Amino acid sequence: MPSYVITGVSRGIGWELLRQLSRDSSNTIIGIVRNKSATQAKAKEELPERTNIHIVQADITHYTALKAAAAETATITGGGLDYLIANAGLVSTFDAYDPIGILGQQPEALEENLIKCFKINTVSNIHLFNLFMPLIMKGEVKKVIAISSGHASLDAISNLRIEVASLYTISKAGLNAAVAKFSAQYAKDGVLFMSICPGMVDTGHFANATEEQLKGLAGMLGAFARYAPNFKGPSPPETAVQDLVSVMEKASVKGGDGGSFVSHYGNQQWL
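In this text the structure is predicted, and so the values were computed from the model without any measurement.

A. Highlighting the state of the cysteines. Inspection of the entire model under this criterion finds zero disulfides. Cysteine Cys117 shares no disulfide, and the gap to the nearest cysteine sulfur, in Cys197, comes to 16 Å. Judged by relative accessible area, which is 4%, Cys197 ranks as buried.

B. Representation of the pairing of strand E5 (residues 143-147) within the structure. Where burial is concerned, most of E5 is hidden: five out of the five residues are buried. Alternating positions in E5 separate into two faces, Lys143, Ile145 and Ile147 on one and Val144 and Ala146 on the other, with burial throughout. Two elements, strand E4 (residues 83-86) and E5, share four bridges in a ladder whose sense is parallel. Note on E5: the bridge partner recorded for Ile85 is Ile145. By the bridge criterion, five bridges tie E5 to strand E6 (residues 192-196) in an arrangement that is parallel. Bridge pairing links Ile145 to Met194 in E6.

C. Broad picture of the packing of helix H5 (residues 107-138) against helix H7 (residues 166-186). Closest axis-to-axis distance for the H5/H7 pair is 9 Å, and the angle between their directions is 25 degrees. Classified by the angle between their axes, H5 and H7 sit roughly parallel to one another. Taken as a pair, H5 and H7 cross one another with a handedness that is right-handed. Taken together, the residues of the contact of H5 with H7 break down into 16 nonpolar, seven polar and one charged.

D. Highlighting the side chain of Thr39. Structurally, the position occupied by Thr39 is in helix H2 (residues 36-46). Thr39 gets classed as buried once you look at its relative accessible area, which sits at 4%. Among the polar contacts made by the side chain of Thr39, one reaches the main-chain carbonyl oxygen of Asn35 at a distance of 3.0 Å. Residues contacting Thr39, with those up to four places away along its chain left out, are Val9, Ser10, Val33 and Ile55.

E. Fine view of unusual backbone geometry. One non-glycine residue, Lys142, lies in positive phi territory at about 60 degrees. Along the polypeptide, Lys142 turns up in the loop between H5 and E5. With phi around 55 degrees, Arg161 is a residue other than glycine that occupies positive phi space. Counting through the fold element by element, Arg161 comes out in the loop between helix H6 (154-160) and H7.

F. The packing of aromatic side chains, seen in detail. Counted according to the given criterion, the structure contains seven aromatic pairs. Centroid distance Phe129 to Phe182: 5.3 Å. Interplanar angle 85 degrees. Geometry classified as edge-to-face. One end of the pair, Phe129, is in helix H5; the other, Phe182, is in helix H7, and 53 residues separate them in sequence. Judged by relative accessible area, which is 1%, Phe129 ranks as buried.

What counts as what
- Residues numbered from 1 in each chain as written.
- Predicted model: local features only at pLDDT ≥ 70, side-chain atom pairs only at ≥ 80, totals over all residues.
- Heavy atoms only, no water.
- Disulfide = S-S within 2.5 Å.
- Buried < 20%, exposed > 50% of the residue type's maximum accessible area, 1.4 Å probe, protein only.
- Helix = DSSP H or I, 4+ residues; strand = E, 2+ residues; numbered from the N terminus.
- Pairing = 2+ DSSP bridges.
- Axes fitted to C-alpha atoms, helices over the stretch in contact; angles between N-to-C directions.
- Parallel < 35°, antiparallel > 145°, perpendicular 65-115°, else oblique.
- Left-handed = near helix turned anticlockwise from the far one by under 90°.
- Nonpolar A, V, L, I, M, F, W, Y, C, P; charged D, E, K, R; others polar.
- Polar contact = N/O pair within 3.5 Å; in protein donor to acceptor, adjacent residues only side chain to side chain.
- Contact = heavy atoms within 4.5 Å.
- Phe/Tyr/Trp six-rings, centres within 6.5 Å; stacked < 30°, edge-to-face > 60°.

As structure tokens, this is what we get:
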């Protein structure tokens, strides 16, 4: 009866992870969110029969709240944890449409947004991993998964000349490095740490983009089409999560996956 902690389950990939993994009534699903009451209401309305879902309130940027969430999780599971999925994060709008040289024309805004991305996407997850490691060490499966992004692939940036999302990319690259460092420490204990990119997923991020902003994405989307001729656009969360879970379940320390950064295909093919 595996147990899962998933951060950021109120919507998007996090909600879909909660929805799919809770189908098996033998799974224990703990979702960490900032707004507990709203997420509980959503789960009660959309997944009314699933008593294996537990919603815990914590803002991942608040260390004491995460510490309390770890303690509450231990109470729910009896002290252990099989899977920790670090899904919560910030996708910045400030850097979504312009290259870093243009962003540099607003130095104060650049610094503010980079620090915010780094705190949420990198530092907060380092605290998350450290606080939940005692539970993972008592679990059976011992897997820690960070939801990353193909934007953080240095080869992809260079080869496809992706100019946008620079601050988000920097923070996700930092997350990948942290995952590799945790793996270096804990692989000997049988704990799998790895980063997985779910692909380009339709979570409504660009729904309110202006025509001018969309022009800033044209170059990236054109590069994507050349890189992966069969790419038809963002995949729905349902498909993305199916692929992500498949990679997560197949991966292992013995298989050499510790500290790796892979796509939803389990390799370095990002689209």
